[in-house]
Structures are given as C-alpha cells and as structure tokens.
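Here are the chains, one letter per residue:
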Amino acid sequence: MSGSDPRTAHLTQRDSEPAFAEPWHAQASAMASLLVASGVISGAHWSETLGAKLREAHLAGQSDDTETYYRAVLSALESLLDQVRAISGNELIQRRDAWERAYLRTPHGRPVVLNGDL
C-alpha cells in the first residue's frame, strides 16, 4: 500500500510510508493492544514475547520487514493466548481452518466473512 492510500493515511510515519504494510497487520497489533489494555496479558509479557519472536526470526535469517514483524506479532499472540488459556491450541487450529475456508470461498476484492463457521 502506498502512503497515499486513504485507508492508511492516518498511519503514516515520518517518511510518508504507512506504518503497516496491510490493514491486517494493523489489526493484529490492535488486538495485542486491546488484550494488554483489558488485562488479559501484561504489557511486560507482551513485550518480552514479541521480542523473543523477533529474535527467533532474526536468528533464522528472516528479513527485517513488515511481513516478518507481522508474523512475529501473530506468533506472540498465539503463544500468549495459549499460555493464559484464552484459546486452546485446538481452538486456534479450528479458527484457522474456518478462516481458510471463508477466505477460499470469498470472491476477490470482497471482505472475508466467517458466518458462524466455527
């Protein structure tokens, strides 16, 4: 997405590029912020876990870009939600599968809707 995209204009950085490469990158970060704000996970635990996931990515030779950061955010969220028992590994797999089914049946350019697929 370019910095001129009206959907991400409010997320620009100093270099006029979007802070997030895709809307779902921002959504994943927002979910983490909400979980911290609501007390489901602590800010310290979030920071430690995300930092660990980013170090793992670096050590694995992954590029330092927004996609790697997004994947680290997702991985950290999954780990923490499993640790606090907010969602089990099995539930996570079911939700991923439901999302994939919904994604595959959604016409290009349309929003993906789960419609009680769980």
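Quick summary incoming for the structure in this document. In this text, all values refer to a predicted model and were calculated from it rather than measured experimentally. (Residues numbered from 1 in each chain as written. Predicted model: local features only at pLDDT ≥ 70, side-chain atom pairs only at ≥ 80, totals over all residues. Heavy atoms only, no water.)

Core analysis: the largest hydrophobic core is formed by 14 residues, its most contacted members being Leu 35, Ile 41, Trp 46, Leu 50, Val 73 and Leu 77. Secondary-structure elements contributing two or more residues to this core are α1 (23–37), α2 (43–59) and α3 (66–83). A total of 7 residues in this core trace back to one element, the largest contributor, which is α3. Ignoring anything within four residues of it in the chain, the contact list for Trp 46 reads Ala 32, Val 36, Ile 41, Val 73, Ala 76, Leu 77 and Leu 80. (Core = buried A, V, L, I, M, F, W, Y, C linked by side-chain atoms within 4.5 Å. Buried < 20%, exposed > 50% of the residue type's maximum accessible area, 1.4 Å probe, protein only. Helix = DSSP H or I, 4+ residues; strand = E, 2+ residues; numbered from the N terminus. Contact = heavy atoms within 4.5 Å.)

Another aspect to go through is α3. The terminal C-alpha atoms of α3, which comprises 18 residues, lie 25 Å apart, in line with the 26 Å expected from a rise of 1.5 Å per residue. The complete set of buried residues in α3 reads Thr 68, Tyr 70, Ala 72, Val 73, Ala 76, Leu 77, Leu 80 and Leu 81. Buried residues belonging to α3 abut α1 and α2. In this structure Asp 65 caps α3, since a side-chain oxygen of it lies 3.3 Å from the backbone nitrogen of Glu 67. The first or second residue beyond α3 is Arg 85, which carries a positive phi of 60°. (Expected span 1.5 Å × (residues − 1). Polar contact = N/O pair within 3.5 Å; in protein donor to acceptor, adjacent residues only side chain to side chain.)

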